[in-house]
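Listed below, chain by chain, are the residues.
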Amino acid sequence: MKRALIVVDVQRDFCEGGALAAADTVSLLEPLRAFIAAARQAGVKIVLTQDWHPPNHRSFREAGGDWPVHCVAGSRGAQLMPRLDSDALDLIVYKGETIDGAGYSGFESTGLGERLGALGVREAAVCGVATEYCVRATAIDAVKAGFRVAVLTDLIRPIQFAAGESALGEMVALGIEGLESKVWL
Ligand code: VGL
Ligand code: ZN
């Protein structure tokens, strides 16, 4: 049974110093890079998502939404963090590209479910940022798409800790396994 690792939105704007930074991303990056390498060695398909918005996206405050401007398509803030963008990735999906879709989930208007299916993948682990938004939405949509899903508890970071904890509880209640990365691999 083939497995995929889905790394959600580890982009400059969501990391330390970025426009919409998740908490404590400094401690995330090295373990994440090491885990991606180990997972690839083990034959896991590696998928990265990138939040990729038009400049006037509806989720931005100046357009009436909840968020500061972030991850504008092609901008520096939308770039993957260094040394995540490697040739050895199996798939990159861009999400949030339409002006009014929330674009939280890596499965929303990206064809990711079909693309994983075409690679023979049946199981997925989700990690990255932010726990209570895009990690949550991606993991839940992965379940809806029929995958067996784990969320990697040591390789996720929330925007707000309490919200991250409750999102994790919600995911577990929906049948998503909360596992440490080394246990999943
Ligand atoms: C995200 C808020 C807005 C995320 C993306 O990646 O969790 N959060 N856009
Ligand atoms: Zn966004």
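These numbers come from a predicted model, not from an experiment. (Residues numbered from 1 in each chain as written. Chains lettered and ligands numbered in written order. Predicted model: local features only at pLDDT ≥ 70, side-chain atom pairs only at ≥ 80, totals over all residues. Heavy atoms only, no water.)

Draft legend 1. Structural view of the side chain of Gln 11. If you trace the backbone, Gln 11 turns up in the loop between strand 1 (2-8) and helix 1 (26-41). Every residue in contact with Gln 11, bar those within four places of it in the chain, is listed here: Thr 49, Gln 50, Asp 51, Cys 71, Gly 77, Ala 78, Gln 79, Leu 80 and Met 81. (Helix = DSSP H or I, 4+ residues; strand = E, 2+ residues; numbered from the N terminus. Contact = heavy atoms within 4.5 Å.)

Draft legend 2. Spotlight on the pairing of strand 3 (residues 91-95). The side-chain alternation of strand 3 yields one buried face, formed by Leu 91, Val 93 and Lys 95, and one unburied face, formed by Ile 92 and Tyr 94. Sheet analysis places strand 2 (residues 45-51) next to strand 3, joined by five bridges and oriented parallel. Of the residues in strand 3, the one forming a bridge with Thr 49 is Val 93. (Buried < 20%, exposed > 50% of the residue type's maximum accessible area, 1.4 Å probe, protein only. Pairing = 2+ DSSP bridges.)

Draft legend 3. Molecular detail of unusual backbone geometry. Residues Val 129 and Ala 130 are joined by a peptide bond in cis, for which omega reads -15°. Counting through the fold element by element, Ala 130 comes out in the loop between strand 4 (121-129) and helix 3 (131-144). In this structure, Cys 71 is a non-glycine residue whose phi angle is positive, near 50°. Mapping Cys 71 onto the fold places it in the loop between strand 2 and strand 3.

Draft legend 4. Main features of the site of ligand 1. Residues in close proximity to ligand 1 include Asp 9, Phe 14, Leu 20, Asp 51, Trp 67, His 70, Tyr 104, Val 129, Ala 130, Tyr 133 and Cys 134, which together make up its full environment. A distance of 2.6 Å separates an oxygen atom of ligand 1 from a polar atom in the side chain of Asp 9. Measuring from an oxygen atom of ligand 1, one finds a backbone N or O atom of Val 129 at 3.5 Å. Across the complex, the protein chains shield 99% of the 260 Å² of accessible surface that ligand 1 would expose by itself. The site holding ligand 1 turns out to be the largest cavity. (Near = heavy atom within 4 Å. Polar contact = N/O pair within 3.5 Å; in protein donor to acceptor, adjacent residues only side chain to side chain. Areas by Shrake-Rupley, 256 points an atom, 1.4 Å probe, with all protein chains shown as cover. 1 Å grid on protein atoms, 1.4 Å probe; cavity = no way out; pocket = protein on both sides within 12 Å on 5 of 7 lines; lining within 4 Å. Sits in = over half its atoms within 2 Å of the grid points.)

Draft legend 5. The coordination of the zinc ion (ligand 2), seen in detail. Taken together, the protein donors to the zinc ion (ligand 2) comprise Asp 51 (OD), His 53 (NE2) and His 70 (NE2), at separations of 2.0 to 2.1 Å. All donors of the zinc ion (ligand 2) belong to a single chain; written as a sequence motif, their spacing is D-x1-H-x16-H. In terms of burial, Asp 51 and His 53 fall into one category: buried. (Donors = N, O, S within 2.8 Å, 3.2 Å for Na, K, Ca; no water.)

Draft legend 6. The arrangement of helix 4 (residues 161-173) in detail. Its 13 residues give helix 4 an end-to-end C-alpha distance of 19 Å, which sits within 8% of 18 Å, the value for a rise of 1.5 Å per residue. Residues of helix 4 that are buried include every one of Gly 164, Ala 167, Leu 168 and Met 171, and no others. Along the long axis of helix 4, the arc covered by the buried residues comes to 105°, so they all point the same way. Opposite the buried face of helix 4, by more than 90 degrees, sit the exposed residues Ala 162, Glu 165 and Ala 173. Lining the buried residues of helix 4 we find helix 3 and strand 5 (148-157). Gly 175 lies just past helix 4 and shows a positive phi near 95°. (Expected span 1.5 Å × (residues − 1). Arc of directions from axis to C-beta.)

Draft legend 7. Up close: the environment of Ala 38. Position of Ala 38 among the secondary structure elements: in helix 1. For the pair Ala 38 and Leu 185, spaced 147 residues apart in sequence, the C-alpha separation works out to 8.3 Å.

As far as function goes, none of this settles anything; it's purely spatial.
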